[in-house]
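# Working through the structure, step by step
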Amino acid sequence: MSHHIVEVKNLRHVYSDGTVALKDISFVITHGESVGIIGANGAGKSTLLQHLNGCLEPTGGTIHIGHTPLSKGTLPDIRRTIGMVFQDPDDQLFMPTVFDDVAFGPLNLGYSPADIEERVTEVLDLVGAGHLRDKPPYHLSGGEKKRVAIATVLSMSPDILVMDEPTNGLDPFARRQLMKLLRDFEHTRIFTSHDLDMVLELCNRVIVLHEGEVWADGPALEIFSNDKLLAECRLEKPLSMQGCPACGSDPKGSLQY
Amino acid sequence: MASINRAVLDLKSLDLLANRSSAIHRLDARAKVIVTLIFILCVVSYSRYELTALFPFFVFPIIMISLSGLPPLFILKKIILLCPFVIAVGIFNPVFDRETFVHLGFIEISGGWISFISILTRSILTVGAAFILLGVTGFTAVCQALESLGMPPVFAVQLLFLYRYIFVLTEESARTSRARELRSFGKKGQGISSFGSMVGHLLLRTWQRAERIHMAMLARGFTGEFHACRQSHFGTPELRFVFAWSALFIFLRLQNVPQLLGSLITRLIL
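Only a predicted model underlies this, so the values are computations on that prediction, with no experimental measurement involved.

Cut-off values and rules
- Residues numbered from 1 in each chain as written.
- Chains lettered and ligands numbered in written order.
- Predicted model: local features only at pLDDT ≥ 70, side-chain atom pairs only at ≥ 80, totals over all residues.
- Heavy atoms only, no water.
- Helix = DSSP H or I, 4+ residues; strand = E, 2+ residues; numbered from the N terminus.
- Rg over C-alpha atoms; globule rule 2.2 N^0.38 Å.
- Buried < 20%, exposed > 50% of the residue type's maximum accessible area, 1.4 Å probe, protein only.
- Contact = heavy atoms within 4.5 Å.
- Expected span 1.5 Å × (residues − 1).
- Phe/Tyr/Trp six-rings, centres within 6.5 Å; stacked < 30°, edge-to-face > 60°.
- Lys NZ or Arg CZ within 6 Å of the ring centre and 35° of its normal.
- Core = buried A, V, L, I, M, F, W, Y, C linked by side-chain atoms within 4.5 Å.
- Domains from an automatic or database assignment.
- Buried area = accessible area lost by both parts, 1.4 Å probe.
- Salt bridge = Lys/Arg side-chain N within 4 Å of Asp/Glu carboxyl O.
- Polar contact = N/O pair within 3.5 Å; in protein donor to acceptor, adjacent residues only side chain to side chain.
- Nonpolar A, V, L, I, M, F, W, Y, C, P; charged D, E, K, R; others polar.

Now for the overall build of chain A. Scanning chain A from N- to C-terminus turns up ten helices and ten strands. Taking 257 residues into account, the globule formula puts the C-alpha radius of gyration at 18 Å, and chain A, at 19 Å, falls close to it. Over its C-alpha atoms, taken along the principal directions, chain A stretches across nearly 60 × 45 × 35 Å. Relative to its 257 residues, chain A shows a buried fraction of 56%. Put simply, 62% of the contacts in chain A that link residues at least 6 apart link residues at least 24 apart.

Structure (structure tokens):
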């Protein structure tokens, strides 16, 4: 049995004010896949992510993580399996120092102090933040915060990594650094993002959400080549697939304008 | 709003001071907390008209600052910032309490003035000691020391969160207020009513953030218990530090040293 499978079946969510955020969502993500969930604002991306680790309860439908149904009883296990990186690192980094923050998850899981020391050092080095370990989170730059936020999740050795807008607000260099880091992971990865170039580079599969429904689900290149679909869902081709605005040359052989 | 921003920056720099390394910085936080508490207790326990006996207590901040290498001017500025509040508390003493207390030649000083200056001196001493404690220990370590000395963990966690998010909150309010300023073109804007909704928004946003933080905590296996992983060691240097200072404070509290010195000198002269 693999822990790495995410199976969502007929998921429906209605907020208490009556807004239908998710109408009927179904998909299966298997071991080691890297999946981008894209869609316009309000398409239901964040709502969907919040279901994956039980922050929201479905109005209808089921979610299985590694063949375990998501329910109150299985939540602690599932939360260990799914590492969730939030959009705003300030929400995720709440401890006094970077070290404490990265150690927070392992401490809750009951690791021994020696293990924690080793684990924290390991993941901080992995994300290139070893030199920040004794700093308080509010002294970090945006890119540093993001990398530390990822470390806080990696320290619990999750099987599945879920990230909400990972490249949001990063400068080009920090964005590159982060993408390189994410590409090297062997976890099952699920991203939501408006940074379609990042999605194109990191994800081999893309799920397009539109008004609470799955409008398309397939290989990234195929989806990004479907102009009609993208226009319907208020999306655009990634910049790297568009023509050059200066010389008009086109990466794919035909002009897109 | 600029002043709030600056105050927060100052708070951060006070925190950075705690990262320095000196003999005092290296001491266990509990030792420093205990000594500071005893110091404050001794200083505030004097009667309202006591003034001379307070002065020897300045030896504590002076020695702590010089041993730890904290910038004295920075600490002094922090203390001066609080003086208006202290003056507001004590300013009516000279008005209500006009009974002559001391004769200096032909100058008569009323009890009100003495108690006013006494309040001022005591505030400088206690506030200064608290700032020095923060500067040589850091807020987090102070909280953890208080917790290990018996403060309920709930309070410690509350304080830590307060300290962590005060930066985020002030930045958020500074941004909101700047946005208002930029659109009110140097006038009053819509006056107090716009501030009302601003504070309301800030509260709601804080609420939402609290929810997200709670989610982030749950996502990492939070079950209600707050673990912290910090080794601390209360050894001989800490014991010596605590005993030496508390002995001095208690001695100073029981004996009026300036008076003793004075009578010694007069006896020598006569």
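For the rest of this paragraph, the subject is helix α10 (residues 192-219) of chain B. For α10 of chain B, with 28 residues, the first-to-last C-alpha span of 41 Å sits near the 40 Å given by 1.5 Å per residue. Within α10 of chain B, the full set of buried residues consists of Ser 194, Met 198, Leu 202, Arg 209, Ile 213, Met 215, Ala 216, Met 217 and Ala 219 of chain B. In this fold, the buried residues of α10 of chain B make contact with α1 (45-52), α2 (75-81), β6 (82-85), α3 (89-92) and α4 (98-108) of chain A together with α9 (153-184) of chain B. Two residues or fewer after α10 of chain B comes Gly 221 of chain B, characterised by a positive phi angle close to 80°.

What characterises a pair of aromatic rings is the spacing of the ring centres plus the angle enclosed by the ring planes. Residue and element names in this part refer to chain B. By the definition in use, this model includes 17 aromatic pairs over all chains. Between the aromatic rings of Tyr 46 and Phe 57, the centroid separation amounts to 6.0 Å while the plane-to-plane angle is 80°, which identifies the pairing as edge-to-face. Of this pair, Tyr 46 sits in the loop between α3 (29-44) and α4 (59-68) while Phe 57 sits in the loop between α3 and α4; the two residues are eleven residues apart in sequence, bridging distant segments of the chain. For Phe 57, a relative accessible area of 0% translates into the label buried. Three or more aromatic residues joined by ring pairs form one cluster here, namely Phe 39, Tyr 46, Phe 57, Phe 60, Trp 245 and Phe 249. One residue, Arg 253, lies across the ring of Tyr 46, its end atom 4.1 Å from the ring centre.

A separate point is the nonpolar core. Nonpolar side chains in soluble globular proteins tend to end up buried together. With 48 residues, the main nonpolar core has Ile 150, Val 208 and Phe 224 of chain A as its most contacted residues. Top contributing element to this core by residue count: helix α6 (residues 142-154) of chain A, with six residues. If sequence neighbours within four positions are ignored, Phe 224 of chain A has contacts with Ile 38, Leu 196, Val 199, Leu 200, Val 206, Leu 230, Lys 237, Pro 238 and Met 241 of chain A. In this structure, Ile 37, Ile 63 and Met 84 of chain A together with Val 168 of chain B belong to the second largest nonpolar core, which totals 37 residues.

So, on to the domain arrangement of chain B. Residue and element names in this part refer to chain B. One can read the domain layout of chain B as domain 1 (2-151 + 237-269) and domain 2 (160-178 + 198-221). Placing the centre of domain 1 and that of domain 2 at their C-alpha centroids yields a distance of 34 Å. With nine residues of domain 1 in contact, the opposing surface of domain 2 contributes eight residues. Both sides of the domain 1 and domain 2 interface together cover about 790 Å² of buried area, and 74% of this is carbon and sulfur. At the junction of domain 1 and domain 2, the tally comes to zero salt bridges. Linking domain 1 with domain 2 are zero residue pairs in polar contact (both at pLDDT 80 or more), by the criterion used here. Considering each element in turn, the side of domain 1 that touches domain 2 owes the most residues, six residues, to helix α1 (residues 2-17).

Contacts between the two partners involve 28 residues from chain B and, on the opposite side, 28 residues from chain A. Here chain B meets chain A over a buried area of about 2700 Å², counting both sides, of which 59% is carbon and sulfur. Taken together, chain B and chain A are joined by four salt bridges. In this structure, Asp 101 of chain A and Arg 220 of chain B form a salt bridge, with 3.1 Å as the shortest nitrogen-oxygen distance. Summed over the shared surface of chain B and chain A, the result is seven residue pairs in polar contact (both at pLDDT 80 or more). Breaking the side of chain B that touches chain A down by element, the ones donating at least two residues are α1, α9 and α10 of chain B. Broken down by class, the residue content of the side of chain B that touches chain A amounts to 17 nonpolar, three polar and eight charged.

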